[in-house]
Amino acid sequence: MEILYSSTRDSGSRVTASQAILKGLADDGGLYVPERIPALEAPMTALADMSYREVAYEVMRLFLTDFTADELRECIRRAYDAKFDTEEIVPVKEAEGAYYLELFHGSTIAFKDMALSILPHLMITAARKNHVENEIVILTATSGDTGKAALAGFAGVAGTKIIVFYPKNGVSPIQEKQMVTQKGDNTFVVGIRGNFDDAQNGVKALFGDRELAAQMAQAGLQFSSANSINIGRLVPQVVYYVYAYAQLLKQGRIREGEKINVVVPTGNFGNILAAFYAKNMGVPIGRLICASNENKVLYDFFETGRYDRNREFKLTSSPSMDILISSNLERLIYWIAGNDAAKNAELMASLKKSGSYEITDRMKEQLADFYGNYADESETAARIREMYENTGYVLDTHTAVASAVYKKYVKDTQDKTVTVIASTASPFKFTRYVMNAIDGGYDAMSDFELVDELSKIGKVAVPRAIEEIRTAPVLHDTVCDKTQMKAVVQRFLGIGA
Ligand SMILES: *Cc1c(COP(=O)(O)O)cnc(C)c1O
């Protein structure tokens, strides 16, 4: 049955899935949400015998109803292929009695690959379906992770170009190397002299630049965005929760229908929202455990019903969770308001104006399945060390936050339900921090020496993504001032003066 999408701020207008993917954000500033969550059709026992790609098809076809079977299968085939370093795509590893869902086997060894591997294909298919003749130009500002994952996803995809701006001195050496060695004639990477906010503000200004838009249109180009509020990033994330449940069933870890809990290290709230959608499709999920680092806005929200971003922003060892405004939470707010766009719009206006809002008691009652907690820096480091000492398994910093919060949850509730912990990055992505957490005294070693050391102590091969950049040539060396971003884009695209 067809599913249309409406904005969380105005339930009047409805668009198809492909239109929602092309637009990204609704005109009224709201996020696109499906008018209802479809129920899974295939029985879990059948899903248990399916490959990741087959499960992806079974889930995504129910949301992206205006894609044909062939179109969707082709997008899935191109996304979840040998870019992943394991046939399983997302292995489930048991450690200390919990199940770690390893979402980090793609091109950039972090979970954003799960969605950004398929988004480019969904986008060009959506463009074709809607008779968009223009070539799509993705414009992104990155603080490190998303930029590389987007570059890897869009590289070589016909009908697209991607331009990524990053703060020249604001990303880690490994992150920079990952970006500037990116292959693909359609990829452009630029370091700007400024911080992440400068890059982001510059990109926003380019999106709103009419002169540039006119020049682009004349050249048969148009901008689009790959950021995490795109419904084309959310839907692919629902898949791995369905897959995780099916795999646990297949492996005999749970009985059919038995509930599981899910723990998600959370920043922008996209990943845990996908778990919530999976639950509402019928996957037997009990509690959704939302793990934060010291930027614990979400913990406070689940405790009090009040969202308040007015606080000190902390830089932590889990940078992808250093967020004070979790954009995807808006989709949950809309849901618990009973799909009331006016109520949601009112709260979001308050967030914009004063940095905070408070939900009603009735809305709060609907959050009973969520549990929030957080881990500070020392708890995170201790969790990495303890897990390594107990089992030999090495956690990255983000996953360690989730693991620490899970321990707090069990202590609080005595809940023995089988639990899946979303493992969002490879420890090789945060090698120095992880090695120091396990055992200090590595200050003299270079990043790549530490990588080899981690491989030795963790008894895991160095991921291909890291091995490749060790020797890869630098292919992008453009650096510019923040005032030159427009000129750089014009030069790359061969437009304007
Ligand atoms: C982006 C990211 C997160 C946070 O995910 P959200 O969907 O933004 O909540 C957690 N861990 C890692 C490694 C990430 O890259």
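Chains are numbered independently. Their residues run from 1 in the order of the written sequence. The predicted origin of the model limits local features to residues at a pLDDT of at least 70 and limits the giving and counting of side-chain atom pairs to 80 or more, whereas totals for whole chains, interfaces and linings rest on all residues. No hydrogens and no water enter the side-chain calculation; it runs on all heavy atoms of the structure.

1. Details of the environment of Phe269
Applicable threshold: Helix numbering and strand numbering both begin at the N terminus, where a helix is a DSSP run of H or I of at least 4 residues and a strand a DSSP run of E of at least 2. Exposure classes here rest on a 1.4 Å probe applied to the protein chains alone. A residue is buried below 20% of its type maximum, exposed above 50%, and partly exposed in between. By the convention used here, residues are in contact when the closest approach between their heavy atoms is within 4.5 Å.
Considering the arrangement of structural elements, one finds Phe269 in the loop between strand 10 (260-265) and helix 12 (270-281). We classify Phe269 as buried; its relative accessible area is 1%. For Phe269 and Glu358, which are 89 residues apart along the polypeptide, the C-alpha to C-alpha distance reads 18 Å. Not counting the four nearest positions on each side in its chain, Phe269 is found in contact with Cys290, Leu298, Phe302, Ser326, Asn328, Leu329, Leu332 and Phe370.

2. A closer look at the pairing of strand 16 (residues 478-481)
What counts here: Any two strands between which DSSP finds at least two bridges are classified as paired.
Because side chains alternate across strand 16, one face comprises the buried residues Thr478 and Cys480, and the other comprises Val479 and Asp481, none of which is buried. With four bridges joining them, strand 8 (residues 187-193) and strand 16 adopt parallel strand pairing. Paired with Arg193 across the strands is Asp481, a residue of strand 16.

3. Focus on the packing of helix 7 (residues 145-154) against helix 8 (residues 173-180)
Here is the rule: Note on geometry: axes are lines fitted to C-alpha atoms, helical ones only across the stretch in contact, with angles between N-to-C directions running from 0 to 180 degrees. Oblique is the label for every angle not falling under 35 degrees (roughly parallel), over 145 degrees (roughly antiparallel), or within 65 to 115 degrees (roughly perpendicular). When the near helix sits turned anticlockwise from the far one by under a right angle, the crossing is termed left-handed; a clockwise turn instead gives a right-handed crossing. Basically, the charged four are Asp, Glu, Lys and Arg, the nonpolar ten are Ala, Val, Leu, Ile, Met, Phe, Trp, Tyr, Cys and Pro, and anything else, Gly included, counts as polar.
In the contact formed by helix 7 and helix 8, the axes pass within 9 Å of each other and the chain directions differ by 25 degrees. One element, helix 7, and the other, helix 8, form an angle in the roughly parallel class. As for the relative orientation of helix 7 and helix 8, their crossing is left-handed in sense. When helix 7 is examined against helix 8, the residues Asp145, Gly147, Lys148 and Leu151 are found in contact with a partner set consisting of Gln175, Gln178 and Met179. For the contact of helix 7 with helix 8, the class distribution of residues is two nonpolar, three polar and two charged.

4. As for the site of the ligand
The criterion, for reference: Note on terminology: near, applied to a residue and a molecule or strand, indicates that one of the residue's heavy atoms is within 4 Å of it. Only the protein chains shown count as covering a residue, and every accessible area follows the Shrake-Rupley method with a 1.4 Å probe.
Taken together, 15 residues sit near the ligand, with Lys112, Gly267, Asn268, Asn271 and Thr424 positioned nearest. Burial of the ligand by the surrounding chains reaches 96%, relative to a free accessible area of 380 Å². For the shell around the ligand, a count of residues per class yields five nonpolar, eight polar and two charged.

5. Notes on the sheet that holds strand 2 (residues 10-15)
Pairing in this open sheet of three strands is antiparallel, and the strands run 2-1-3 from one edge to the other. Each edge of the open sheet carries a strand with a single partner, namely strand 2 and strand 3 (32-34). Sheet twist, expressed as the mean angle between neighbouring strand axes with direction ignored, is 40 degrees. Two elements, strand 1 (residues 5-7) and strand 2, share three bridges in a ladder whose sense is antiparallel. Paired with Ser6 across the bridge in strand 2 is Arg14.

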